[in-house]
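# A look at the structure
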Amino acid sequence: MTDYKNLKLIATSSPHIRGSERTQTIMLDVIIAMLPALAFACFNFGIRALTVVIVSVAGCMFFEWLYRKLLNKPQSVMDLSSAVTGMLLAFVCPVQIPYWMILIGDFFAIVIVKQLFGGIGKNFINPALAGRAILLASYAGTMTSWVDPAAGKAAILGSNVDVITAATPLSYMSGPDAASIAASFEQLKGTYDVTQMFLGQIGGSLGEVSALMLIIGGVYLIWRKVINWQTPVCYIATVAVLTFLFPRGGTGLEWMLYSIFGGGLMLGAFFMATDYATSPVTKKGQIIFGIGCGLFTVLIRYFGSYNEGVCYSIMVMNLFVALIDKYTKPTRFGVVTSDKKEASAK
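Residues numbered from 1 in each chain as written. Predicted model: local features only at pLDDT ≥ 70, side-chain atom pairs only at ≥ 80, totals over all residues. Heavy atoms only, no water.

## Notes on the overall build of the protein
Along the protein, the regular secondary structure elements total 18 helices and zero strands. Every one of the 346 residues in the protein was classed for burial, and the buried ones make up 48%. Counting contacts in the protein only where the partners sit at least 6 residues apart, residues at least 24 apart contribute 73% of the total. (Helix = DSSP H or I, 4+ residues; strand = E, 2+ residues; numbered from the N terminus. Buried < 20%, exposed > 50% of the residue type's maximum accessible area, 1.4 Å probe, protein only. Contact = heavy atoms within 4.5 Å.)

And the structure:
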């Protein structure tokens, strides 16, 4: 006979979705989905890309373990959510970032953004993006210096040529006026073609440069039903439509292709904007969320002083998730709205 008086009922944070998956298996799928991009980063930038990721993952897992140990909370390190945060934070950092600096980002992401708000599922913004934002605000010089990808293979052999810096495509797509942007964009086309942009043979953060590898990982997550297609597709489509209709250089098609393959759009769309805790749970809400992220990304890239808008656009939309969920939740079966009640009463 069940002892109902001593039965412990555990209420977890939203969203409440019934299924056979566990947090650990979901996070493992996310890690698997990021492996193609990690492999390409090692090929493109050298073995240091792998060591940065390892240090970041170890830092995030250690800070989560230490926090919960000091506060006598149940350990959650083995759910692998901190490992995913560590990988994502490393992915949005330049490969030459000092190890101590990425550990500062790890601490902020795990302790300040995640654990102080209650742990997994209770943070209101994406921890990895918040970690990147604090690093960018504190160490702008390092966070905006990029390794020349042409030196990547030599770096694998231990050469010091990986300190050579190069401009990212998005830096060519910004400027003080329309004429300078158009001229800079022509220079960009002479430096990198669309194929190089798609494959990732360009400067940028270590895990966000290869659109191909990130799309492969994103398709894997959709196939595994870890994420839905609504948010990433609407996000990328919004950026594509706006940049096609309002190009600032070249033809609309050229500007659009360089815009969607450059920067962190693919990484943000498939791996950041789809975070369970900080994105809407309804299909309609995910569409709105994706469109909003795309709109803010283009606005920041066009009118902001910083030429990349993915990080801040997703964090801004994270703040609207509760409101989006409130107004997109489906009507429960059998519930009569107040307007219909008043009409029936008359």
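## Focus on helix α13 (residues 252-261)
Among the ten residues in α13, seven count as buried, and that is most of the element. Residues Gly 252, Trp 255, Met 256, Tyr 258, Ser 259, Ile 260 and Phe 261 constitute the buried set of α13. Buried residues in α13 make contact with α9 (178-191), α10 (194-199), α11 (211-223), α12 (230-245), α14 (265-272) and α15 (283-303).

## Examining the confidence of the model for the protein
Detailed conclusions should not be drawn from predicted coordinates in areas where pLDDT is low. Per-chain confidence: the protein averages 86 in pLDDT, with 85% of residues scoring 70 or above. Here helix α7 (residues 152-156) is the element of the protein with the lowest mean pLDDT, 48, and α12 is the one with the highest, 96. Confidence over residues 155-162 falls short of pLDDT 50; this stretch has 13 contacts with residues more than four positions distant or in other chains. (pLDDT = per-residue confidence, 0-100.)

## Quick look at the packing of aromatic side chains
Evaluation of the coordinates by the stated rule reveals 13 aromatic pairs. Ring geometry for Phe 63 and Phe 107: centres 5.4 Å apart, planes at 80°, overall edge-to-face. Taken together, the residues Phe 63 in helix α2 (residues 48-70) and Phe 107 in helix α4 (residues 99-114) connect sequence positions 44 residues apart. Its relative accessible area of 37% is what places Phe 107 among the partly exposed residues. (Phe/Tyr/Trp six-rings, centres within 6.5 Å; stacked < 30°, edge-to-face > 60°.)

## As for the state of the cysteines
If you walk through the whole model with that rule in mind, you get zero disulfides. Considering cysteine sulfurs only, Cys 93 is the nearest to Cys 311, which forms no disulfide, with 9.9 Å between them. (Disulfide = S-S within 2.5 Å.)

## Section: α4
Here α4 is 16 residues long and its end C-alpha atoms lie 21 Å apart, about the 22 Å a rise of 1.5 Å per residue gives. Among the residues making up α4, those that are buried are Met 101, Ile 102, Gly 105, Asp 106, Ala 109, Ile 110, Val 111, Val 113 and Lys 114. Next to the buried residues of α4 lie α2, α3 (81-91), α5 (127-138) and α6 (140-143). (Expected span 1.5 Å × (residues − 1).)

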